[in-house]
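Residue-level listing of the chains:
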Amino acid sequence: MTSFGDKPTIRGERVVLRPMAASDAASMWADAHDDEINHFTGTHADFTEEQIVEWCSTRADQDDRLDLAVTDPTTGAWFGEVVVNEWDPDNRSCSFRIALSGGARDRGVGTEATQLIVDHVFDEINDPPVHRISLEVYDFNVRALAVYERVGFIREGVLRDALHWQGEYHDAIVMSMLRRDRSGDRAAG
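First, a word on what this report is: a plain description of the structure on this page. (Residues numbered from 1 in each chain as written. Predicted model: local features only at pLDDT ≥ 70, side-chain atom pairs only at ≥ 80, totals over all residues. Heavy atoms only, no water.)

Here we look at the sheet that holds strand S3 (residues 66–71)
No. 1: Sheet architecture is open: eight strands sit in the order S1-S2-S3-S4-S5-S6-S8-S7, paired in mixed fashion. The open sheet has two edge strands, strand S1 (10–11) and strand S7 (154–165), and neither has a second partner.
No. 2: In terms of strand pairing, strand S5 (residues 93–100) meets strand S6 (residues 132–138) through three bridges, oriented parallel. Note that in S6 the partner of Ser 93 across the bridge is Arg 132. (Pairing = 2+ DSSP bridges. Helix = DSSP H or I, 4+ residues; strand = E, 2+ residues; numbered from the N terminus.)

Regarding helix H1 (residues 25–32)
An α-helix turns once every 3.6 residues. As a result, residues three or four positions apart point the same way.
No. 1: Restricting attention to buried positions, one finds in H1 the residues Ala 25, Met 28 and Asp 31. Summarising the axial view, the buried residues of H1 lie within an arc of 120°, below the 170-degree limit, and thus occupy one face. (Buried < 20%, exposed > 50% of the residue type's maximum accessible area, 1.4 Å probe, protein only. Arc of directions from axis to C-beta.)

As for the side chain of Arg 179
No. 1: In this fold, Arg 179 is placed in the segment after strand S8 (168–178).
No. 2: Classification of Arg 179 as buried rests on a relative accessible area of 14%.
No. 3: Of note is the side chain of Arg 179, whose polar atom sits 2.8 Å from the backbone oxygen of Val 130. (Polar contact = N/O pair within 3.5 Å; in protein donor to acceptor, adjacent residues only side chain to side chain.)

Regarding the packing of aromatic side chains
No. 1: Under the counting rule described, the total for this entry stands at six aromatic pairs.
No. 2: With centroids separated by 6.3 Å and ring planes inclined at 20°, the aromatic side chains of Phe 96 and Phe 153 adopt a geometry described as stacked. One end of the pair, Phe 96, is in strand S5; the other, Phe 153, is in the loop between helix H5 (142–151) and S7, with 57 residues separating them in the sequence.
No. 3: Exposure remark for Phe 96: the relative accessible area of 5% places this residue in the buried category.
No. 4: Phe 153 sits in the buried class, given a relative accessible area of 3%.
No. 5: Put simply, the rings of Phe 40, Tyr 138 and Phe 140 pair up and form one aromatic cluster.
No. 6: Sitting over the face of the ring of Trp 55, Arg 59 holds its NZ or CZ atom 3.5 Å from the ring centroid. (Phe/Tyr/Trp six-rings, centres within 6.5 Å; stacked < 30°, edge-to-face > 60°. Lys NZ or Arg CZ within 6 Å of the ring centre and 35° of its normal.)

Given below as structure tokens:
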């Protein structure tokens, strides 16, 4: 088992990533009704408030994934969430996703949160060490594509017409980062 059971608090200049808690349910509930978040994440599902409360209150119990709230370092206000999931210990790989509220966009919050979680996964998860982090992003989410490339994710391919949204199909771009892709880790496998 990997150390995803440890739920760290990770501090940056623009954000604090901290363990998800039941008290985050109201903010996540608001995000679940944000049309832009749903569009960027391709979320078609409608969640009940009870489902959101249950989700937030059980994140600390999960040892195969890491769900962290992205918060303002000064006020503690909710910016969104970062998630590392789909852990595959045989292949030492996992997936990543991030969802940010409207007030957190275009301020460097997503870039810093992504860099912090990538650094944590590669530097702190060592039993076994993570070799690969992957993600999917829809072709219309140009802000996210720019962030992921800035942090060091590499485009691997396209899942054609992977999302049907408001009568149109959209591609999902598959990206990943290998441990050796990080600056300073070029020699590592």
